[in-house]
Amino acid sequence: MQAISRRQFGAVTVAGIAALVGLAGCTDAGGSAGRTGTASSAASSDTLRVGVRADIVGFGYLNEKTGKYYGLEIDIANELANRLGYKNVEFTTVLPDNRKELLLEGEVDALVACYSIADARLESFDFSPAYYDDKVIAVVQNSSLFETIDDLKGCTFGTMSGANAAPLLSIKLYEIGFSDGEVRSANEDNSDVQFDHWRLVQYPSYQELSDALEEGEIDAMVLDGAIAQTYMNDERHILDDFVVEEQSFGVATQKGSELSPKVADAIQGMLDDGTIDTLIDKWN
């Protein structure tokens, strides 16, 4: 992989860095996305097809024994469908590395899947008003004795493949002077990238990312704060005074679709009448 200069790095877009570190280079160990409800991929006038997460407790979690999804975003999707006049909701499990394609190809009508609103994504999709504000953070083991970002010079950071944490982390470490932003080396699929003062390793699933932190393969895992809560325990803590990026989750729909303004209005209505706050309180 060709290194980029410090001057070039500062001007690289998030999308460009995503390509650099190979965000889409891995697939989930569990295979392709699963679907519950009606199995047809064809659009139905009385069914809203929603892509959701199945692995994030409190947001989108699939009970494999019952086949039912639970969480804030599941409740939001159900309420959204009701307000839009749909009789049914069909949930499809999406992953960071396939959710974009599923929406672009029309396999789902909307994404309610911890999908942050970002300029690069606004080029491809429409987003509703934000329904949840979050931050990209770093989590370390207590035994590491790491307390500040400077303690992690020369260390290894882990992220989830397909998420936007890796490019955001690269930008942040450059902006604060932790790194010069130049890639020194990378493996064939770009899941293991060496910078000057840090190394980036990407994993196919959040569970594997968490296991890597526990086993000492990485020194810190970087991910959305909402997702991090699923993997927190008494042996871990969030790195103080270090926020990679503040972000907000919105409902994504196809660019310029008839559904987009309807979804935006419905989510805004749920914000205005307190429904979103009530649901957040329910799952906190």
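Residues numbered from 1 in each chain as written. Predicted model: local features only at pLDDT ≥ 70, side-chain atom pairs only at ≥ 80, totals over all residues. Heavy atoms only, no water.

S.K.: Where do I start with the overall build of the protein in this structure?
M.R.: Check the secondary structure of the protein and you find 10 helices and 15 strands. A total of 284 residues make up the protein; the buried ones form 51% of that total. Only carbon and sulfur atoms are counted for the fraction: they give 45% of the accessible area of the protein, which is about 12,900 Å². (Helix = DSSP H or I, 4+ residues; strand = E, 2+ residues; numbered from the N terminus. Buried < 20%, exposed > 50% of the residue type's maximum accessible area, 1.4 Å probe, protein only. Areas by Shrake-Rupley, 256 points an atom, 1.4 Å probe, with all protein chains shown as cover.)

S.K.: What am I meant to see in helix 3 (residues 72-84) here?
M.R.: Compared with the 18 Å implied by 1.5 Å per residue over 13 residues, the 18 Å span of helix 3 between its first and last C-alpha is a close match. Within the span of helix 3, buried status applies to L72, E73, I74, D75, I76, A77, L80 and A81. A positive backbone phi angle near 90° is found at G85, which sits one or two residues after helix 3. (Expected span 1.5 Å × (residues − 1).)

S.K.: What am I meant to see in the sheet that holds strand 7 (residues 125-127) here?
M.R.: Backbone hydrogen bonds are what pair the strands of a sheet, in a parallel or an antiparallel way. Judged by pairing direction, the sheet is mixed, and its 5 strands sit side by side in the order 5-1-6-15-7 without closing on themselves. The open sheet has two edge strands with one neighbour each: strand 5 (88-93) and strand 7. In the sheet, strand 7 pairs with strand 15 (residues 252-254) via 3 bridges, with the strands oriented antiparallel. Note on strand 15: the bridge partner recorded for F125 is Q254. The strands touched by helix 3 within the sheet are strand 1 (47-52) and strand 5, with strand 5 carrying the most contacts at an inclination of about 145°. Against the sheet, helix 9 (residues 259-272) makes contact with strand 1, strand 7 and strand 15, and its axis sits at roughly 160° relative to strand 15, the strand it touches most. (Pairing = 2+ DSSP bridges. Contact = heavy atoms within 4.5 Å. Axes fitted to C-alpha atoms, helices over the stretch in contact; angles between N-to-C directions.)

S.K.: Quick question: what am I supposed to make of helix 6 (residues 165-175) here?
M.R.: Given 3.6 residues to a turn, an α-helix orients residues that are three or four positions apart in the same direction. Of all 11 residues making up helix 6, 8 are buried, and the element is well covered by its neighbours. A165, A166, P167, L168, L169, S170, I171 and L173 are the residues of helix 6 that are buried.

S.K.: Quick question: what am I supposed to make of the packing of helix 3 against helix 10 (residues 275-283) here?
M.R.: When two helices pack together, their arrangement is given by the angle between their axes and by how far apart the axes lie. The geometry of helix 3 relative to helix 10 is characterised by a closest axis approach of 9 Å and an angle of 150° between their N-to-C directions. In this view, helix 3 runs roughly antiparallel relative to helix 10, as classed from their interaxial angle. Handedness of the crossing formed by helix 3 with helix 10: right-handed. Mapping the contact onto sequence places L72, D75, I76, E79 and R83 in helix 3 and T275, I276, L279, I280, K282 and W283 in helix 10. (Parallel < 35°, antiparallel > 145°, perpendicular 65-115°, else oblique. Left-handed = near helix turned anticlockwise from the far one by under 90°.)

S.K.: Help me understand the packing of aromatic side chains in this model?
M.R.: Scanning the entire structure with this criterion turns up 9 aromatic pairs. Geometrically, the ring pair formed by Y132 and F249 is stacked, given 6.0 Å between the ring centres and 15° between the ring planes. Residue Y132 is found in strand 8 (residues 132-141), and its partner F249 is found in strand 14 (residues 236-249); the two are separated by 117 residues along the sequence. You'll find Y132 and F249 in the same group, each marked buried. Ring centres 6.2 Å apart and planes at 85° place the aromatic pair F157 and F178 in the edge-to-face group. Of this pair, F157 sits in strand 9 (residues 155-160) while F178 sits in the loop between helix 6 and strand 10 (185-186), placing them 21 residues apart in sequence. Taken individually, F157 and F178 each receive the classification buried, so the pair is uniform in this respect. Members of the aromatic cluster, each reached through a chain of ring pairs, are F157, F178, F195 and W198. One Lys or Arg, K153, reaches over the ring of F178 and ends 5.3 Å from the middle of that ring. (Phe/Tyr/Trp six-rings, centres within 6.5 Å; stacked < 30°, edge-to-face > 60°. Lys NZ or Arg CZ within 6 Å of the ring centre and 35° of its normal.)

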